[in-house]
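Residue strings, one per chain:
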Amino acid sequence: MFKNYLKMAWKVLGRRKFFTFVSLLGIGFTLMSMLVVVALGDHFLAPSYPEVHLDRMLMLDRMEMSGDRSSRHSGPGFKFIDRYARDLPGVERMSIVTNTSDMVSFMSGRKEVYFTRHADAEFWRVMQFTFLEGAAFTHEDDISANRVAVISEAARRRFFDDEPGLGKIIELDAAEYRVIGVVRDVPFHRASSAAHVWLPLHTKTAAGFFDRLMGGCIATYLLEPDADPAQVQAAFRERLTRVEFHDPERYHTMKGMPMSRWESLATTTLNLEPGETAPRTLFLLTIVAGLAFMVLPAINLVNINLSRIYERSSEIGVRKAFGAAGRDL
């Protein structure tokens, strides 16, 4: 029976080759696009290496500092996080990590650029990296600004080919660092953790970095298993009222909020102000867009079926005259 169905389908497809080809191509392209979009969304939003606890993590990576005549949008600064964003109720651990920056290494006369982050020791407890060699740097390494580094598997290949990297020296921006750990590569879409090289936070040499209220950092919160994210966010908003500004005549208001990955996506997609989010709105828009996109293959399928029915209308009439039931047709 199944063989007969295949033969019949092949004969039907051969009646109008070009029309059928265009219709099936449109259907296949639409379904493929939907699968790709869903797969990308799953990779971006679902917990996975090294953000395996993403379902109970909040990220503070976008804020606004404003006054009567000026405003500034960026990530929070180290001083703001260190002074006002620690020890929130319901938070199990908190980490400070910088955005990625380019650091240069020259190897055999060839310039190599590496995406680098500076992080505190808590970063390795909030994130769950798989170490292939060695271990992470410690709190003492960070406070003492020891020039040690954790590198990715891809960076190890670029620095040392197929040789082990543990204990070896790498040079970045004319400074030497000793490799104390090698981790499995992190997918690029893990925006809060992906890099080639991770260095202790206090080896950051940018002028005034540790005195900034705004710029360059991400605060990552790992909530307690039974914590309510809304209560954590409410406590953070209360902290914003305590901020002491360097120049109160120019800036006097801070806006922002630790958000889940989905809330952050909603804020960015809907172009909302820092601290504002509408995850339900984004969810509804996503559903509507998906349904609208699926209308295209549905219309194609209807057209194909109608054209086949009209072509065989005389045959259908003869079969009904001889008593064929609707399900048989």
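Presented here is an overview of the structure given in this document. (Residues numbered from 1 in each chain as written. Predicted model: local features only at pLDDT ≥ 70, side-chain atom pairs only at ≥ 80, totals over all residues. Heavy atoms only, no water.)

Observations concerning the overall build of the chain
On a plain count of helices and strands, the chain comes out with 10 helices and 13 strands. In terms of overall size, the chain is more extended than a compact globule, its C-alpha atoms giving a radius of gyration of 28 Å where 329 residues would be expected to give roughly 20 Å. The dimensions of the chain, computed from C-alpha atoms along their principal axes, are 95 × 55 × 40 Å. By residue count, 39% of the 329 residues in the chain fall in the buried class. (Helix = DSSP H or I, 4+ residues; strand = E, 2+ residues; numbered from the N terminus. Rg over C-alpha atoms; globule rule 2.2 N^0.38 Å. Buried < 20%, exposed > 50% of the residue type's maximum accessible area, 1.4 Å probe, protein only.)

Points about the sheet that holds strand E2 (residues 63-66)
Pairing within the open sheet is antiparallel, and its 3 strands lie in the order E3-E2-E13. A single partner strand is all that each edge strand has here, and the edge strands are strand E3 (71-74) and strand E13 (253-256). Neighbour-to-neighbour, the strand axes of the sheet open up by a mean angle of 15 degrees, direction not taken into account. Set on the sheet, helix H7 (residues 229-240) makes contact with E2 and E13; between it and E13 the angle comes to about 165 degrees. (Pairing = 2+ DSSP bridges. Axes fitted to C-alpha atoms, helices over the stretch in contact; angles between N-to-C directions. Contact = heavy atoms within 4.5 Å.)

A look at the pairing of strand E5 (residues 101-107)
Pairing of E5 with strand E6 (residues 110-119), which is carried by 7 bridges, proceeds in the antiparallel orientation. Bridged to Met 107 within E6 is Arg 110. With antiparallel pairing between neighbouring strands as the criterion, E5 and E6 make up a hairpin whose turn holds 2 residues, including Ser 108 at a positive phi of roughly 55 degrees.

Digging into the pairing of strand E9 (residues 169-172)
Of the two faces of E9, the one lined by Ile 170 and Leu 172 is fully buried and the one lined by Ile 169 and Glu 171 carries no buried residue. Two strands pair when backbone bridges link them, and E9 and strand E10 (residues 175-183) are joined in this way by 4 bridges, in the antiparallel orientation. When the sheet's bridge partners are listed, Ile 169 is paired in E10 with Arg 178. What sits between E9 and E10 in their antiparallel hairpin is a turn of 2 residues, with Asp 173 showing a positive phi close to 50 degrees.

Remarks on a nonpolar patch on the surface
A grouping of Phe 18, Phe 21, Val 22 and Leu 25 is seen on the molecular surface, where their side chains present a nonpolar patch of about 450 Å² in accessible area. With respect to the helices and strands, Phe 18 occurs in helix H2 (residues 17-45). Residue classification places Phe 18 among the exposed positions, given a relative accessible area of 66%. (Patch = residues over 30% accessible without salt bridge, like charges linked within 9 Å, V, L, I, M, F, W, Y side chains within 5 Å. Areas by Shrake-Rupley, 256 points an atom, 1.4 Å probe, with all protein chains shown as cover. Salt bridge = Lys/Arg side-chain N within 4 Å of Asp/Glu carboxyl O.)

Digging into the packing of aromatic side chains
A full pass over the atoms with the stated rule returns 15 aromatic pairs. With a centroid separation of 5.7 Å and an interplanar angle of 35 degrees, the aromatic rings of Phe 159 and Phe 160 are classed as tilted. On the numbers, 4.9 Å between centres and 90 degrees between planes, the contact of Phe 209 with Phe 210 is edge-to-face. Aromatic rings pair up to connect Tyr 49, Phe 123, Trp 124, Phe 129, Phe 131, Phe 137 and Trp 198 into one cluster. Seen from the ring of Phe 44, Arg 261 lies directly overhead, with NZ or CZ sitting 5.1 Å from the centre. (Phe/Tyr/Trp six-rings, centres within 6.5 Å; stacked < 30°, edge-to-face > 60°. Lys NZ or Arg CZ within 6 Å of the ring centre and 35° of its normal.)

Let's talk about the pattern of salt bridges
Per the stated rule, a full pass over the model turns up 13 salt bridges. A salt bridge links Glu 112 to Arg 110; the nearest nitrogen and oxygen atoms lie 2.7 Å apart. Here Arg 110 falls in the partly exposed class, since its relative accessible area comes to 43%. Among the ionic pairs, Arg 242 bridges to Glu 238, the shortest N-O distance being 2.7 Å. Judged by its relative accessible area of 47%, Arg 242 falls in the partly exposed class.

What about helix H9 (residues 279-311)?
Between its first and last C-alpha atoms H9 spans 49 Å; for 33 residues at 1.5 Å apiece the expected length is 48 Å, and the two agree. Maximal helix bending in H9 amounts to about 25 degrees, located at Leu 296; proline Pro 297 follows within four positions. All of the buried residues in H9 are Leu 282, Gly 290, Pro 297, Ile 304, Ser 307 and Arg 308. (Expected span 1.5 Å × (residues − 1). Bend = angle between axes of the 7 residues up to and from the residue.)

Observations regarding the nonpolar core
Most often, soluble globular proteins have nonpolar side chains that are buried together. Counting residues in each nonpolar core, the largest one holds 30 residues, and the members touching the most others are Met 63, Phe 80, Ile 81, Tyr 221, Phe 236 and Met 254. Counting residues per element, the ones that place at least two in this core are strand E1 (57-60), E2, helix H3 (78-84), strand E4 (91-98), strand E12 (217-223) and H7. The contact partners of Met 254, leaving out residues within four places of it in the chain, are Met 63, Glu 64, Met 65, Phe 80, Leu 213, Met 214, Leu 240, Val 243 and Phe 245. By size, the runner-up hydrophobic cluster in this structure holds 22 residues, among which are Tyr 49, Phe 137, Val 186 and Trp 198. (Core = buried A, V, L, I, M, F, W, Y, C linked by side-chain atoms within 4.5 Å.)

As for the environment of Leu 199
Relative to the helices and strands, Leu 199 is located in strand E11 (residues 197-200). Take Leu 199: its relative accessible area is 0%, and that puts it in the buried class. Put simply, Leu 199 and Ala 136 are 63 residues apart on the chain and 9.8 Å apart in space, counted from C-alpha to C-alpha. Sequence-distant contacts of Leu 199, that is, excluding residues within four places in its chain, are made with Met 103, Thr 116, Arg 117, His 118, Ala 119, Phe 137, Val 148, Ala 149 and Tyr 177.

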